Amino acid sequence: MKASMDRRSFLKAAIASGAVIAASGTLAGCSPSGNAASGSSSNASGQVAGTAPVSFSEETDVLILGTGIAGMSAAMDPVEAGYRVMLVDKLERVGGESFIACGVMNVTGSKMQKDAGIEGDPEEKWKAYQPVLEEKGETDDMDYKHNVYVYQTEWADRVAADYGAVFQPITDYMDTGAPTSMLLPGNGIGDMQAVLTPLQKGLEEKGATYKLNLRATNFIVDGDGTPIGVRFNDEKNDKPVDIRAKKIVVATGGFSCNQEMVSAYLPSQARLGPLTVNSMGEGHQMCKALGGEYAHMDMEANRMSDLAQVTVWGYFSPQVQVTPQGRRFIKEDQSHDSPDAAVELGLGYWWTVFDDQTVNGSQKWNVEMNMKNNADRLVGPCDSLDELAAAMDIPASTLKETFASYDASVAAGEDAEFGKKLFLNSLSAPYYAMKHFPYRYKTHGGMKIATDSQLTDKDGAPIPNVYCCGSTVADSGSDLAPNAGSGLVTGKAVVAALKA
Ligand SMILES: Cc1cc2nc3c(=O)[nH]c(=O)nc-3n(C[C@H](O)[C@H](O)[C@H](O)COP(=O)(O)OP(=O)(O)OC[C@H]3O[C@@H](n4cnc5c(N)ncnc54)[C@H](O)[C@@H]3O)c2cc1C
């Protein structure tokens with residue numbers, strides 16, 4: 001009772017800020033189809049300027065805000081259970097940042113892995129992982145985290161078997177020394193469409209509908225403050241669209257592109273540019289206006305190169321990464337270490353040097369694409385280190401020293417200086433190099449939720465009808481596979497709630 005009163009008094013303030021809109025028709029007892037359209041309820045004593053009255057034009061069982069990997073994964077169980085599911089995105093295309101991600105998905109024990117002879121049990125792996133999380137102290141709800149973790153495997157198997165998602169055959173890289181805990185999309189790095197387009201189309205075939213160019217701006221609440229729908233701005237026609245829903249899923253991604261939020265919560269990344277313009281934290285702000293709470297907003301996320309896909313080549317072939325002066329500064333087999341170190345060392349930019357082992361390796365498709373699309377960042381082919389150094393505009397003597405020291409580590413079988421484990425192999429001519437700049441690209445902070453992913457208020461009480469998943473949630477992990485797992489957590493919870 002107290003929580004409900006608190007929410008009502010909170011809503012008065014929220015309505016005034018325009019963040020939550022009361023359905024005046026609902027206050028006056030109108031039907032779900034929203035014939036409050038004219039909007040002026042008899043008991044309304046005023047209206048916030050610039051806020052059109054609520055007028056529901058459509059109704060659905062499950063309304064999903066955001067069509068990234070989390071939103072689409074959250075749709076799977078409700079669609080399969082026969083509920084009406086509508087996925088809405090502010091952009092003209094589906095897929096969010098998930099579509100443009102590099103595509104590295106860490107999963108244990110999927111059918112794809114087992115078929116290639118790689119055994120693994122997600123529950124067993126979780127037992128090893130949980131103490132690590134406990135020690136870090138960044139996880140509020142181990143049960144939620146466990147479910148996200150083990151559902152990653154279920155997700156990979158289901159999208160492949162039931163939706164036709166295409167993963168790169170593990171046999172392409174399993175014997176090269178690359179990690180077999182990683183699943184990649186169809187053509188390898190950079191081909192997330194191979195996974196997400198079949199998922200999108202499969203959901204559509206099973207009955208889901210998509211609406212694009214609609215930006216969610218406000219929750220719509222009834223007279224008790226219960227969320228019953230969402231207001232969108234029709235981005236093409238610049239007019240409000242109100243959609244009524246029994247359950248609302250917020251899957252609007254992170255907030256790394258919102259300069260004000262990054263400056264407030266992650267000041268250490270405020271002076272790095274964002275890689276995209278999509279992750280504006282709009283879902284975060286809507287949920288907060290509804291009485292939701294932020295958690296772990298200051299949790300540091302690793303950085304990325306502006307040539308994101310080039311950064312992850314190091315999992316699949318040998319490279320040497322060097323400073324603008326030509327010195328090695330990092331182990332090359334952990335994609336985020338180089339942008340993180342570049343920022344910490346104040347390098348401004350850095351180079352990835354590679355050779356035909358990368359050009360002709362398991363990620364050939366992506367390497368060729370990046371070399372073509374980023375020709376202005378590429379030097380090579382160079383027939384010698386002297387030629388390469390000249391093309392990179394660094395002293396040849398320094399680059400040769402760097403390679404001599406690296407080759408000594410290769411010969412010793414151990415990288416004593418930086419600890420590189422994967423692909424500790426020498427490079428040979430022809431050499432190539434690509435220049436990178438560090439950017440910010442994801443965030444960990446997000447909404448506090450219950451174990452079933454329902455949004456909670458400051459007292460931890462669930463806010464009715466609203467669920468969050470993906471990078472909108474503090475505990476999701478903010479990577480492709482855990483965000484997919486978190487979508488499944490939400491989809492299952494929504495089905496259970498609709499059935500209840
Ligand atoms: C360049 C790059 C490379 C990456 N590489 C990897 C990788 O290899 N492996 C990995 O695990 N992770 C990677 N990541 C991180 C990964 O992409 C994210 O963790 C994941 O995509 C987030 O999924 P999501 O569904 O939560 O959000 P998103 O995929 O961003 O989807 C959110 C959707 O919500 C929509 N939206 C936002 N606000 C509104 C609104 N107000 N109304 C309606 N719609 C809205 C957006 O348009 C978007 O479509 C990468 C990220 C980037 C940027």
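What you are looking at is a predicted structure, and each value in this text was computed from that prediction instead of being measured.

Some thoughts on the sheet that holds strand β13 (residues 350-354)
Alright, step 1. Read from one edge of the open sheet, 4 strands run β12-β13-β15-β14, paired in antiparallel fashion. Looking at the sheet topology across the chains shown, the edges are occupied by β12 (320-322) and β14 (378-382). Neighbour-to-neighbour, the strand axes of this sheet turn through a mean angle of 20°, independent of strand direction.
Alright, step 2. Two strands pair when backbone bridges link them, and β12 and β13 are joined in this way by 3 bridges, in the antiparallel orientation. Each bridged residue has a counterpart across the sheet, and for V322 the counterpart in β13 is W351.

A few points about the pattern of salt bridges
Alright, step 1. If you walk through the whole model with that rule in mind, you get 24 salt bridges.
Alright, step 2. Taking the shortest distance from any N to any O, the salt bridge between D242 and R231 comes out at 2.7 Å. Here D242, found in strand β9 (residues 239-250), pairs with R231, found in strand β8 (residues 227-234); they are 11 residues apart in sequence, far enough to count as distant.
Alright, step 3. We classify D242 as buried; its relative accessible area is 3%.
Alright, step 4. A salt bridge links D479 to K442, with the nearest nitrogen and oxygen atoms 2.7 Å apart. With D479 in the loop between β19 (462-468) and α17 (480-499) and K442 in the loop between β16 (438-439) and β17 (446-447), this pair connects stretches of sequence that are 37 residues apart.

As for the packing of aromatic side chains
Alright, step 1. Applying the stated rule across the entire model yields 13 aromatic pairs.
Alright, step 2. Where Y173 meets F316, the ring centres are 5.4 Å apart and the plane angle is 85°; that geometry is what we call edge-to-face. With a gap of 143 residues between them, Y173 in the loop between α7 (142-163) and β5 (182-183) and F316 in the loop between α11 (308-311) and β12 connect regions that are remote in the sequence. Across this residue pair, the class does not change: Y173 and F316 are buried.
Alright, step 3. On the numbers, 6.3 Å between centres and 75° between planes, the contact of F255 with Y265 is edge-to-face. Residue F255 is found in the loop between β9 and α9 (259-265), and its partner Y265 is found in helix α9; the two are separated by 10 residues along the sequence.

Looking at the site of the ligand
Alright, step 1. Within the structure, the ligand sits among 33 residues, and D89, S98, A216, S471 and L480 are positioned closest to it.
Alright, step 2. At 3.0 Å from an oxygen atom of the ligand is found a main-chain nitrogen or oxygen belonging to G103.
Alright, step 3. In this structure, V104 approaches the ligand through a main-chain N or O atom, which is 2.9 Å from a nitrogen atom.
Alright, step 4. Surface burial for the ligand is 96%, taken as the share of its 1000 Å² of free accessible area covered by protein chains.
Alright, step 5. Mapped onto the shell around the ligand, the elements with two or more residues apiece are α3 (69-80), α4 (96-100), β7 (214-221) and α17.
Alright, step 6. A breakdown of the residues in the shell around the ligand according to their chemical character gives 14 nonpolar, 13 polar and 6 charged.

Definitions and cut-offs
- Residues numbered from 1 in each chain as written.
- Predicted model: local features only at pLDDT ≥ 70, side-chain atom pairs only at ≥ 80, totals over all residues.
- Heavy atoms only, no water.
- Pairing = 2+ DSSP bridges.
- Helix = DSSP H or I, 4+ residues; strand = E, 2+ residues; numbered from the N terminus.
- Axes fitted to C-alpha atoms, helices over the stretch in contact; angles between N-to-C directions.
- Salt bridge = Lys/Arg side-chain N within 4 Å of Asp/Glu carboxyl O.
- Buried < 20%, exposed > 50% of the residue type's maximum accessible area, 1.4 Å probe, protein only.
- Phe/Tyr/Trp six-rings, centres within 6.5 Å; stacked < 30°, edge-to-face > 60°.
- Near = heavy atom within 4 Å.
- Polar contact = N/O pair within 3.5 Å; in protein donor to acceptor, adjacent residues only side chain to side chain.
- Areas by Shrake-Rupley, 256 points an atom, 1.4 Å probe, with all protein chains shown as cover.
- Nonpolar A, V, L, I, M, F, W, Y, C, P; charged D, E, K, R; others polar.

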